[in-house]
Amino acid sequence: MSSYTGSDIIVLEGLEAVRKRPGMYIGGTGKPGLHHLLWEIVDNGVDEAVNGYADTIKVILHEDRKSVTVEDNGRGIPVDPHPQKKIPALEVILTTLHSGGKFEGDQYVTSGGLHGVGASVVNALSKELIARVKRDGNTYEQKFKRGRTVSKLEDLQKRTRLTGTSIYFVPDPEIFDSTKFDAKRIRDQLEIKSFLNRGLRIIFHDKGGGEEVEFVHEGGIVEYLEYLINKNEILPVHPETFSILQDTLENSVRLEVALQWTESTRESVKSYVNGIPTQDGGTHEQGFRDAVRTAVRAWMETHNAIPRGVEVTPDDIREGLFGVINMFMTNPQFQGQTKDKLNNPSARSLVNGVVRVALEQFLNTHPSASDAIGARVLQSARARQASRAAAKSARSKARQRRRLTLPGKLADCSSMDPVEGELFIVEGDSAGGSAKQGRDRKTQAVLPLRGKVLNAEQATVRKLQNNSELSNVVQALGCGMGTSLEPDKLRYHKVILLMDADSDGHHIATLMLTFFYRYMRPLIDRGHIYVAEPPLYRLDAGKQTYWALDEEEKARIEKRLQQKNSRIKIEVQRFKGLGEMMPQTLKETTLDPARRRILKVTIPEKTRAENTISGLMGRDASVRYRFIMENARNVDDLDL
């Protein structure tokens with residue numbers, strides 16, 4: 001065993017910001033951040049194993065599921081006095097940021113912990129932490145609370161020949177949204193770590209669930225790749241797994257790669273550096289993808305495996321590819337403390353060079369596998385080209401629909417996607433002008449109406465077709481009407497009636513709804529028809545502006561403001577129509593999807609709706625007369 005003493009611990013200072021800004025160190029205070037504490041401690045044990053000083057790690061999740069113990073049989077953290085701090089090295093490591101034995105290469109050739117913050121961050125964010133160390137034939141213990149030392153280093157007088165470190169910690173509920181650990185999450189992650197470190201024995205004891213499992217995977221990442229493919233319930237297209245297990249590359253880099261093409265329609269590459277998952281990839285993943293693209297294309301071109309007329313892209317080559325990259329290096333440059341991305345420029349060329357040469361050799365010496373991979377790549381290329389041709393055809397049809405004869409008064413939107421398109425049918429040219437200026441030109445179209453439209457309940461089909469206003473509406477929607485209606489050709493998935501908030505506006509909206517009900521009913525059933533609710537009043541109180549749909553809402557706003565401040569001065573403006581609104585005001589109150597109020601038109605009771613339309617809009621005036629006489633007593637004010 002090499003010497004490992006307090007003089008090997010290098011101090012870079014600092015700690016206070018951890019509790020105030022935990023997200024900078026663990027990514028957040030939710031479940032991922034909580035479990036990140038555990039991985040920091042586990043990875044310290046893994047570093048001992050990777051460097052040949054340990055072969056077993058045990059993780060104990062206690063009954064409350066809110067506390068964990070991590071034990072390893074490594075050398076044990078040094079406990080002798082630090083030469084600068086004059087306190088035990090163990091205390092330095094657990095209470096000081098940027099302290100540890102991994103800044104130089106003397107003690108750890110490769111490691112996941114590089115910044116010297118992992119253990120101290122766990123301590124700072126724990127309500128309680130107890131460290132126990134076995135080394136030099138003795139057993140030592142020291143206690144901490146929220147990053148501060150609460151007991152001196154104690155020799156427990158337990159003589160032992162064993163070595164190792166045990167860390168018990170309880171995450172601080174003042175920091176985390178929840179301090180309850182997820183047993184399945186821990187179990188799965190520990191098994192992955194055992195795949196990444198061949199021969200490492202990891203034990204997980206879930207005391208709350210009464211389960212104890214042991215993971216040892218001598219097959220390493222090759223076994224891990226098989227596990228991933230089986231877990232996703234997909235079939236490989238070739239039986240042989242391509243793998244690289246090179247222990248000695250330049251600058252003490254060790255590289256492990258395993259890959260296999262499958263029938264999946266997606267690519268899945270898991271990458272790790274010194275046992276740390278690089279979820280956002282990085283230069284090692286880029287080098288891997290470069291190598292796969294170059295090697296497969298070279299084989300296909302050499303063997304004339306690309307038919308004329310078929311274009312093969314890098315995405316086609318990687319479709320269905322499942323791979324694992326496990327890299328060990330002395331000075332990895334991670335992006336951020338959570339180490340989600342590798343930034344070392346040299347890693348790209350190194351991985352590319354090693355994987356490309358080995359994969360080319362594999363393809364040339366395994367003809368059945370290379371033939372299957374080539375067929376898989378061509379399958380993807382042909383499917384992509386067919387999909388692109390279909391999309392091109394759909395766009396062509398959309399452009400043809402756009403070239404339909406459209407009404408001259410329509411201000412169309414630029415988007416050709418009906419799903420995001422909106423058509424505002426607006427009362428009057430004046431309001432239409434404001435709407436055209438205030439709209440989002442990409443997704444919002446505007447069609448002004450002049451005057452009141454025909455009553456569709458009383459007019460004949462021929463008369464409706466000859467009516468210029470309704471004809472403009474039908475042309476703008478592009479899906480026909482009546483028996484020739486084709487809802488799938490609707491050019492806008494939101495058709496919004498935007499009328500003045502007065503009796504005339506309500507009448508025009510009713511006439512339009514009658515037309516849609518009788519001649520475009522499927523558009524209502526599909527949820528495409530809406531009614532906008534523009535405000536009738538603007539209320540200014542100091543620097544605040546409020547909008548009211550009607551007199552009743554205006555009164556509520558005034559009452560609420562006066563209750564807060566009886567002396568407040570409220571200026572009220574009543575809009576006579578949408579044409580009075582400036583384009584910006586109309587946008588803020590009625591056009592902007594984030595702030596507007598619109599109502600979807602639905603028909604919850606079909607029989608009642610039919611009776612209402614036929615009775616109130618039909619030719620028999622007696623029905624309307626009875627309705628007016630029965631409800632006149634409830635009308636306090638008429639908007640004439």
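Whatever comes next refers back to the structure up there.
The rules behind the values
Sequence order sets the numbering: in each chain, residues are counted from 1 along the sequence as written. Reporting in this predicted model follows two pLDDT cut-offs: at least 70 for local features of residues, and 80 or more for side-chain atom pairs to be given and counted; totals over whole chains, interfaces and linings ignore these cut-offs and use all residues. Water and hydrogen atoms play no part in the side-chain values, which are based on all heavy atoms of the structure. A run of H or I in DSSP counts as a helix once it spans at least four residues, and a run of E counts as a strand once it spans at least two, with each numbered from the N terminus. Burial classes: relative accessible area under 20% of the type maximum marks a residue as buried, over 50% as exposed, and values in between as partly exposed (1.4 Å probe, protein chains only). Whether two residues are in contact is decided by their heavy atoms, any of which lying within 4.5 Å being enough. What sets the accessible areas is the Shrake-Rupley method with a 1.4 Å probe; for residues, cover comes only from the shown protein chains. Salt bridges are counted wherever a side-chain nitrogen of Lys or Arg sits within 4 Å of a carboxyl oxygen of Asp or Glu. By this rule, a helix spans an expected 1.5 Å times one less than how many residues it contains. By arc we mean the arc of the directions from the helix axis to the C-beta atoms, nothing more. By the criterion applied in these results, polar contacts are pairs of N or O atoms within 3.5 Å in which, for protein atoms, one can donate a hydrogen and the other can accept it, and in which residues neighboring in sequence qualify only through two side-chain atoms. Within this scheme, the nonpolar core is defined by two criteria: the residues are buried Ala, Val, Leu, Ile, Met, Phe, Trp, Tyr or Cys, and they are joined through side-chain atoms within 4.5 Å. Exposure above 30% relative accessible area and the lack of any salt bridge qualify a residue for a patch; like charges then connect within 9 Å, and the nonpolar side chains Val, Leu, Ile, Met, Phe, Trp and Tyr within 5 Å. In this count, Lys and Arg are taken as positive residues and Asp and Glu as negative ones, while His and the chain termini are left out. To locate a charge, the coordinates of NZ of Lys, CZ of Arg, CG of Asp or CD of Glu are taken. The pairing criterion is simple: DSSP has to find at least two bridges between the two strands. Note on geometry: axes are C-alpha line fits, over the in-contact stretch for helices, and angles between N-to-C directions span 0 to 180 degrees.

Asks: Tell me what's going on with the overall build of the chain, and back it up with residues and numbers.
Replies: The helix and strand tally for the chain stands at 20 helices and 24 strands. Considering the chain as a whole, with its 640 residues, one finds that 50% of them fall into the buried category. Partitioning the contacts of the chain with sequence separation of at least 6, the portion at a separation of at least 24 is 69%. Split by element, the accessible area of the chain, about 31300 Å² in all, is 47% carbon and sulfur.

Asks: Now, about the pattern of salt bridges: what can you tell me, with residues and values included?
Replies: Under the criterion given, the structure shown has 39 salt bridges. Here Lys409 makes a salt bridge to Asp429, at a shortest N to O gap of 3.6 Å. Linking Lys409 in the loop between helix H11 (367–402) and strand E17 (422–427) with Asp429 in helix H12 (residues 429–438), this pair joins segments that are 20 residues apart in sequence. Arg518 is paired through a salt bridge with Glu457; the nearest N and O atoms lie 2.6 Å apart. Of this pair, Arg518 sits in helix H15 (residues 503–519) while Glu457 sits in the loop between strand E18 (444–449) and helix H13 (461–466), placing them 61 residues apart in sequence.

Asks: Tell me about helix H17 (residues 551–564), and name the residues and values.
Replies: The terminal C-alpha atoms of H17 lie 20 Å apart, and with 14 residues this matches the ideal 20 Å at 1.5 Å per residue to within 8%. Buried within H17 we find Glu553, Lys554, Ile557, Glu558 and Leu561. Along H17, the residues classed as buried sweep out an arc of 135 degrees about the axis, all on the same side. Seen from the open side of H17, the exposed residues pointing more than 90 degrees away from its buried face are Glu552, Lys559 and Gln563. Along its buried surface, H17 packs onto strand E21 (537–541), strand E22 (544–548) and strand E23 (570–574). Its side-chain oxygen placed 3.3 Å from the backbone nitrogen of Glu552, Asp550 serves as the N-cap of H17.

Asks: Go over the nonpolar core with me, naming the residues and quoting the values.
Replies: The biggest cluster of nonpolar side chains holds 46 residues, and the ones touching the most others in it are Leu38, Val59, Phe169, Ile186 and Leu190. Here this core gets eight residues from one element, more than from any other, and that element is helix H3 (residues 31–50). Among residues more than four places away in sequence, those in contact with Phe169 are Leu37, Leu38, Ile41, Ser67, Val68, Val122, Ser126, Glu128, Leu129 and Phe181. Among the nonpolar cores identified, the runner-up in size contains 42 residues, and Val453, Tyr492, Ile524 and Ile603 belong to it.

Asks: Can you break down a positive patch on the surface residue by residue, with the values?
Replies: A surface patch of positive charge is lined by Lys31, Lys66, Lys127, Lys145, Lys180 and Arg185. Within the secondary structure, Lys127 is located in strand E5 (residues 126–135).

Asks: Lay out the sheet that holds E17 with the relevant residues and their values.
Replies: Across the sheet, five strands lie side by side as E18-E17-E19-E20-E24; this open sheet has mixed pairing. If you trace the sheet from one side to the other, it starts and ends with E18 and strand E24 (598–600), each paired once. Averaged over all pairs of adjacent strands, the angle between strand axes in this sheet comes to 25 degrees, irrespective of strand direction. Two strands pair when backbone bridges link them, and E17 and E18 are joined in this way by six bridges, in the parallel orientation. By the bridge assignment for E18, Leu423 is matched with Ala445. Running over the sheet, helix H14 (residues 468–477) touches E17, E18 and strand E19 (494–498) and is turned about 165 degrees from E18.

Asks: Can you break down the sheet that holds E23 residue by residue, with the values?
Replies: The strand order across the open sheet formed by three strands is E22-E21-E23, and the pairing between neighbours is antiparallel. Strands at the two margins of the open sheet, each flanked by one partner only, are E22 and E23. Taken pair by pair, the neighbouring strands of this sheet meet at an average axis angle of 20 degrees, ignoring direction. Here E21 runs beside E22; their pairing, made up of five bridges, is antiparallel. Looking at E22, one finds that Leu539 is bridged to Tyr546.

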